[in-house]
Amino acid sequence: MVKPARLSSDRLLPAHSVPPPWPGREVRLDGTVTYVRDTPATGPDAEPALYVHGLGGSSQNWTDLAGLLADRLDGQAIDLPGFGRSEPGLRYTVPFFAQRVIRWIEHSGRGPVHLFGNSLGGAISVRVAALRPDLVRTLTLVSPALPFLNFRRSLQGRMLPVLAVPRGERLVAWRLAQMAPEVMAQQVMESCVADLSRICDQRRQEALEEIRVRYQAEHYAAAYVRTFRGLVHSFLRSYLPGADSLWRLARSVQAPTLVVGGRRDRLVDVRVAPQTARAIPDSRLLMLDGVGHVAQLEVPRLVARAVVGLLTETGDARYRSDLAG
């Protein structure tokens, strides 16, 4: 039986605001640059948190949620290799990305952390939590891209033919070159967000700026295609014998976990979030009506209330009376 997530009182969160993206810096780790954004804590007892974005995303995807949680969490958000402002990676597989996250936590000396992952970042975070439980205090998964085989339930299914084309990244790069950044930004928003009226003008402008960064990065198309290929490979491996299955890894996660899914997710099968919550032993599930693939962007206060509920339930007893039923 999956436990429902408990929501904290909204009054425990800061007043509504639209902060700019948190300051970022380049850090050289194992010979390549990882770009990191810091969301400084506003509370004296804040604990370390790490935010991991999804395929095609960046650390900027966590701006609002990290700000809302800053009184409880001292946040860092990283750009995965090949994405955002990080340098390209040697490989683009879930195991490689997970090892990068592990190395970052070790390098920063901030572990164990409250680990957050959206989409691909969710799959990465499950692997990290399973393999290195000593580094993870709690786990929050937003529309995690854990395995499903019916790609008709995902807009990403349209990408599958590209994987069969030799050097398919060249085709993607050509397609990017034919499309204005403004059109691409709108298409990305429409695929990820169920109700675009929830996205303010500032966030739309920032999304456009992120698209322009992608256009300037010669490695981006290859990083995207190879990462998608690596994710599909991890999906297929998960239905074969062996210890590398993401579903087997999920069943071994020890950290208290919150799973958030949007019922209008167009990129990950909407059945995956409940299945993830059933797989992870100590989990809570929050399914959101009328919400898409990036709930932390679309309804950040709701997600923040669920996170504070998780933190309160598993940690600080001072706020437990403020949990709503």
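None of these values were measured; they are calculated from a predicted model. (Residues numbered from 1 in each chain as written. Predicted model: local features only at pLDDT ≥ 70, side-chain atom pairs only at ≥ 80, totals over all residues. Heavy atoms only, no water.)

1. Overview of the overall build of the protein
Line of reasoning, step 1. Broken down by element type, the protein carries 12 helices and 11 strands.
Line of reasoning, step 2. Against the compact-globule benchmark of 20 Å for 325 residues, the protein has a radius of gyration of 18 Å, which places it among compact chains.
Line of reasoning, step 3. Overall, the protein is about 55 × 45 × 40 Å in size when its C-alpha atoms are taken along their principal axes.
Line of reasoning, step 4. Burial statistics for the protein: of 325 residues in total, 58% are counted as buried.
Line of reasoning, step 5. Put simply, 76% of the contacts in the protein that link residues at least 6 apart link residues at least 24 apart. (Helix = DSSP H or I, 4+ residues; strand = E, 2+ residues; numbered from the N terminus. Rg over C-alpha atoms; globule rule 2.2 N^0.38 Å. Buried < 20%, exposed > 50% of the residue type's maximum accessible area, 1.4 Å probe, protein only. Contact = heavy atoms within 4.5 Å.)

2. Focus on the pairing of strand β5 (residues 47-52)
The side chains of a regular strand alternate, first on one face of the sheet and then on the other.
Line of reasoning, step 1. With 5 of 6 residues buried, β5 lies mostly within the body of the structure.
Line of reasoning, step 2. For β5 and strand β6 (residues 73-78), the ladder comprises 6 bridges, and the chain directions are parallel. Paired with A49 across the two strands is G75, which belongs to β6.
Line of reasoning, step 3. Once the chain exits β5 it traverses helix α1 (residues 63-68) before rejoining the sheet at β6, and the crossover so formed is right-handed.
Line of reasoning, step 4. Two elements, β5 and strand β7 (residues 113-118), share 4 bridges in a ladder whose sense is parallel. Each bridged residue has a counterpart across the sheet, and for V52 the counterpart in β7 is G117. (Pairing = 2+ DSSP bridges. Right-handed = clockwise from strand over helix to strand, strands pointing away.)

3. So, the packing of helix α2 (residues 94-108) against helix α3 (residues 120-131)
Line of reasoning, step 1. Relative orientation of the contacting elements α2 and α3 amounts to 65 degrees, with a least axis distance of 9 Å. Overall, the two elements α2 and α3 adopt an arrangement that is roughly perpendicular. For the pair α2 and α3, the crossing hand works out as right-handed. Side by side, α2 and α3 meet where V94, P95, F97, A98, V101 and I102 of the first sit next to L120, A123, I124, R127 and V128 of the second.
Line of reasoning, step 2. Tallied by class, the residues present in the contact of α2 with α3 amount to 10 nonpolar, no polar and 1 charged. (Axes fitted to C-alpha atoms, helices over the stretch in contact; angles between N-to-C directions. Parallel < 35°, antiparallel > 145°, perpendicular 65-115°, else oblique. Left-handed = near helix turned anticlockwise from the far one by under 90°. Nonpolar A, V, L, I, M, F, W, Y, C, P; charged D, E, K, R; others polar.)

4. Examining helix α5 (residues 168-178)
Line of reasoning, step 1. When α5 is considered as a whole, its buried residues turn out to be G168, E169, V172 and L176. Around the axis of α5, the buried residues are gathered within 100 degrees of arc, so they sit on the same side. Along α5, the residues that are exposed and aim more than 90 degrees away from the buried face are R170, W174 and A177. (Arc of directions from axis to C-beta.)

5. Things to note about the sheet that holds β7
Line of reasoning, step 1. With mixed pairing, the 9 strands of this open sheet are ordered in space as β1-β10-β9-β8-β7-β5-β6-β4-β3. At either margin of the open sheet sits one strand with a lone partner, and together these are β1 (3-4) and β3 (24-29).
Line of reasoning, step 2. Note that strand β8 (residues 136-142) and strand β9 (residues 257-262) share 4 bridges and pair parallel. The residue bridging L141 from the neighbouring strand is V259, located in β9.
Line of reasoning, step 3. On the sheet, helix α10 (residues 272-279) packs against β8, β9 and β10 (283-288) and is oriented at approximately 170 degrees with respect to β10.

6. Some points on the nonpolar core
Line of reasoning, step 1. One finds L80, V101, L115, I124 and L139 to be the most contacted residues of the largest nonpolar core, which totals 66 residues.
Line of reasoning, step 2. Here this core gets 9 residues from one element, more than from any other, and that element is helix α8 (residues 220-237).
Line of reasoning, step 3. Apart from the residues lying within four places of it in its own chain, the contact partners of L80 are V52, H53, S86, F97, V101, L120 and I124.
Line of reasoning, step 4. Within the second largest apolar cluster, 29 residues are counted, among which are L12, W62, A295 and A306. (Core = buried A, V, L, I, M, F, W, Y, C linked by side-chain atoms within 4.5 Å.)

7. With respect to the side chain of Q60
Line of reasoning, step 1. Along the chain, Q60 turns up in the loop between β5 and α1.
Line of reasoning, step 2. The residues contacting Q60, other than those within four sequence positions of it, are P21, R37, E206 and E210.

8. Description of the packing of α5 against α8
Line of reasoning, step 1. Viewed as axis vectors pointing N to C, α5 and α8 meet at an angle of 125 degrees, and their least axial separation amounts to 8 Å. As far as their axial angle goes, α8 and α5 are oblique. The crossing of α5 and α8 is right-handed. Contacts between α5 and α8 involve G168, E169, V172, A173 and L176 from the first element and Y220, A221, A222, V225 and R226 from the second.
Line of reasoning, step 2. Taken together, the residues of the contact of α5 with α8 break down into 7 nonpolar, 1 polar and 2 charged.

9. Brief notes about the side chain of D64
Line of reasoning, step 1. Inspection of the secondary structure assignment puts D64 in helix α1.
Line of reasoning, step 2. For D64, the side chain forms a polar contact with the side chain of R203, separated by 2.7 Å.
Line of reasoning, step 3. With residues near it in sequence (within four places) discarded, D64 still touches S17, P19, R203, Q296 and P300. (Polar contact = N/O pair within 3.5 Å; in protein donor to acceptor, adjacent residues only side chain to side chain.)

10. As for the pairing of β3
Line of reasoning, step 1. In terms of strand pairing, β3 meets strand β4 (residues 32-39) through 6 bridges, oriented antiparallel. Bridge pairing in β4 links R25 to V36.
Line of reasoning, step 2. Here β3 hands over to β4 after 2 residues, with D30 in that stretch at a positive phi of 55 degrees.

11. Notes on empty space enclosed by the protein
Line of reasoning, step 1. This model, assessed by the stated rule, comprises 3 cavities of 30 Å³ or more.
Line of reasoning, step 2. Here the largest cavity defines a volume of roughly 80 Å³.
Line of reasoning, step 3. Residue lining of the largest cavity: G56, G57, S58, F83, G84, E210, V213, R214, A217 and Y220, and that is the complete set.
Line of reasoning, step 4. Tallied by class, residues from the lining of the largest cavity come to 4 nonpolar, 4 polar and 2 charged.
Line of reasoning, step 5. Counted as a void, the second largest cavity has a volume near 50 Å³.
Line of reasoning, step 6. Looking at the second largest cavity, the residues that line it are S143, G261, G262, D265, V268, D269, V270, V272, A273 and M287.
Line of reasoning, step 7. At the level of elements, β9 and α10 are the ones that each hand at least two residues to the lining of the second largest cavity.
Line of reasoning, step 8. In the lining of the second largest cavity, the residues fall into 5 nonpolar, 3 polar and 2 charged. (1 Å grid on protein atoms, 1.4 Å probe; cavity = no way out; pocket = protein on both sides within 12 Å on 5 of 7 lines; lining within 4 Å. Points joined across faces, edges and corners; volume = space filled by probe spheres on them.)

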